[in-house]
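Coordinate inspection notes
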Amino acid sequence: MSVRSMNSVLGLVAAFGVAVLLTPAGALAAKDPPPQVSPEGLQLTKSTKNRLVYVKPGATFSQYNRFAILDPLVEFEKDWQKDYNNSRIGLQGRVTDEDVERMKQKLAAEFKKIFTDELQGKGGYTVVNEAAPDVLVLRPALLNVEVNAPDVMTAGIEHTVVRSAGQMTLYLELWDSATNTLLARVMDAEADPDTMAQMGGSVTNKAAADRILRGWAKELRERLDDVKAKPAS
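Numbering of residues starts from 1 in every chain and runs along the sequence as written. For this predicted model, a pLDDT threshold of at least 70 governs which residues receive local features, and a threshold of 80 or more governs which side-chain atom pairs are given and counted, while totals over whole chains, interfaces and linings are taken from all residues. Excluded from the side-chain calculations are hydrogens and water; all other atoms, namely the structure's heavy atoms, are used.

Quick notes on the overall build of the protein chain
The line we're drawing: Strands are runs of DSSP state E lasting at least 2 residues, helices are runs of H or I lasting at least 4, and numbering of each runs from the N terminus. Accessible areas in this description were obtained via Shrake-Rupley with a 1.4 Å probe; residue shielding takes into account the shown protein chains only.
Across its full length, the protein chain holds five helices and 10 strands. Summing over all exposed atoms, the protein chain offers an accessible surface of approximately 12400 Å²; the carbon and sulfur share of this is 55%.

Below, the structure written as C-alpha cells:
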C-alpha cells in the first residue's frame, strides 16, 4: 500500500465524519451507558470511566506481523484556546492559531515516533506503507487535548507553575489492510498525574505526552505479543 493508497483507507472510513469521530471521547464522560454494539457491529468488550473497547465478533489478530500507522488527527479540547487566552492578562503569552497548529504537528509526529519505536524497535514487528494479509492498519486520533502550560513564542521569559501538564484521549481503530475491515476501536482518556508544583513548558509537556503515548503503545504491543504467544520483553 503506497502512501497515496494508505490515504484511501482514511477516505474509506470518512463516512463516520469528524462529528462521529469526536463523539466517542465525550461518551467516556456521559452518564448513559455506552451502546453494547456499535453501528458497524463491533461488540463492547470493556467499559470503564476512562476506557471503551469494541471488537468485531470473531476477529483474530495473531496473523499480523506488520503494521501501517496513519497520521493521527489531533484536536484540542473545545474552547481550550479561547479559555486559556481569557485567563491571560494582556496579550503576552496568548496562544495563537499558529501555536495550536505547531503543537498539533509535534504531537502527531511524537505519536508515530513512539508507536513505531514500540512496535518495531521493541516488539520486533515491521512498520510498513503497504497492504497485505499480515498488515494491520492503525488509524489514530488524539482528542480533547489540553495543555496547562503551552509553550508559546513570547518576547520575554515567562514561567507557569503547574501540577499536571495536561490530558488527552486516544481514539484508535484497527483495520485489516487487505480487506478494509474494521476490527476494533479503542477510546482511552489519560491525564498527566498531579505531582508537586513544577515549572511548565516544552520540556515537561513533551515528557508528559511521551509517558502517555508510550503507555498506550506498550499496551498495544503487549496485547499483540499475548495473542501471538511471544515471550514478554
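As for the pattern of salt bridges
What counts, and what does not: Here a salt bridge means any side-chain nitrogen of Lys or Arg lying within 4 Å of a carboxyl oxygen belonging to Asp or Glu. The classification of residues rests on relative accessible area computed with a 1.4 Å probe and restricted to protein chains. Under 20% of the type maximum is buried, over 50% is exposed, and intermediate values are partly exposed.
With the rule as written, the count across this model stands at 18 salt bridges. Across the pair Glu173 and Arg185 runs a salt bridge, and its minimum N-O distance is 2.9 Å. Within this pair, whereas Glu173 is found in strand 8 (residues 166-176), its partner Arg185 is found in strand 9 (residues 181-191), the two being separated by 12 residues in sequence. As far as burial versus exposure is concerned, Glu173 and Arg185 are alike and both buried. Each of the salt bridges in this network shares a partner with another, and the network as a whole consists of Asp117, Glu118, Arg214, Arg221 and Asp225.

Some points on the nonpolar core
Heads up, the condition is: As used in this record, nonpolar core signifies buried Ala, Val, Leu, Ile, Met, Phe, Trp, Tyr and Cys residues forming a set joined through side-chain atoms within 4.5 Å.
Of all hydrophobic cores here, the largest spans 38 residues; its most connected members are Leu138, Leu142 and Met168. Residue contributions to this core peak at eight residues, all from helix 4 (residues 97-122). Leu44, Ala68, Val137 and Met187 belong to the second largest nonpolar core, which has 16 residues in total.

Focus on the confidence of the model for the protein chain
As a reminder, the rule being used: Per residue, pLDDT measures the predictor's confidence, with a range of 0 to 100. Two residues form a contact once any of their heavy atoms are found within 4.5 Å.
Mean pLDDT over the protein chain stands at 80; residues scoring 70 or higher make up 75%. Note that pLDDT drops below 50 for residues 1-26; the model gives that stretch 40 contacts with residues more than four away or on any other chain. Across residues 196-200 the pLDDT falls below 50, and counting only partners more than four positions away or on other chains, this stretch makes 17 contacts in the model.

Details of unusual backbone geometry
Not every positive phi belongs to a glycine, and Asp79 is a case in point at roughly 70°. With respect to the secondary-structure elements, Asp79 resides in the loop between strand 4 (73-76) and helix 3 (80-86).

A short note on the pairing of strand 8
Basically, it comes down to this: By this definition, two strands are paired if DSSP reports at least two bridges between them.
Of all the 11 residues making up strand 8, 10 are buried; the element is thus mostly covered by neighbouring parts of the structure. One ladder, built from 10 bridges, connects strand 8 with strand 9; its direction is antiparallel. Along strand 9, the bridge assignment pairs Glu173 with Arg185. Between strand 8 and strand 9, which pair antiparallel and follow one another directly, the connecting turn spans four residues, one of which, Asn180, has a positive phi of 55°.

Focus on the side chain of Asn85
Which entries qualify depends on this criterion: Nitrogen and oxygen atoms within 3.5 Å of one another constitute a polar contact, given that in protein one can donate a hydrogen and the other can accept it, and given that sequence-neighbouring residues count only through two side-chain atoms.
Mapped onto the secondary structure, Asn85 falls in helix 3. At 2.6 Å, the side chain of Asn85 and the backbone nitrogen of Val95 are in polar contact. Beyond its immediate chain neighbours, meaning those up to four positions away, Asn85 contacts Arg94 and Val95.

Examining the environment of Glu222
Looking at where Glu222 falls in the secondary structure, it is placed in helix 5 (residues 202-227). Residues Glu222 and Gly123 lie 99 residues apart in sequence; the distance between their C-alpha atoms is 8.3 Å.

Points about the environment of Asn180
Within the element layout of this structure, Asn180 appears in the loop between strand 8 and strand 9. Relative accessible area serves as the criterion here: at 37%, Asn180 is assigned to the partly exposed category.

Focus: helix 4
Three or four residues apart is the spacing at which side chains of an α-helix point the same way, because the helix has 3.6 residues per turn. This is how the line gets drawn: How far a helix is expected to stretch is found by multiplying one less than its residue total by 1.5 Å.
For helix 4, built from 26 residues, the straight-helix expectation of 38 Å at 1.5 Å per residue is met to within 8% by its first-to-last C-alpha distance of 36 Å. At the C-terminal side of helix 4, Gly124 shows a positive phi close to 80°.

Side note on the environment of Val186
The residue Val186 is located in strand 9 in this model. Put simply, Val186 and Val55 are 131 residues apart on the chain and 8.7 Å apart in space, counted from C-alpha to C-alpha.

Quick notes on the pairing of strand 2 (residues 51-55)
Of all five residues making up strand 2, five are buried, and the element is well covered by its neighbours. Of the two faces of strand 2, both are covered, the one formed by Arg51, Val53 and Val55 as well as the one formed by Leu52 and Tyr54. Taken together, the four bridges between strand 1 (residues 43-47) and strand 2 define a ladder with antiparallel strand orientation. Bridge assignment links Lys46 to a residue of strand 2, and that residue is Val53. The loop that links strand 1 with its antiparallel partner strand 2 comprises three residues.

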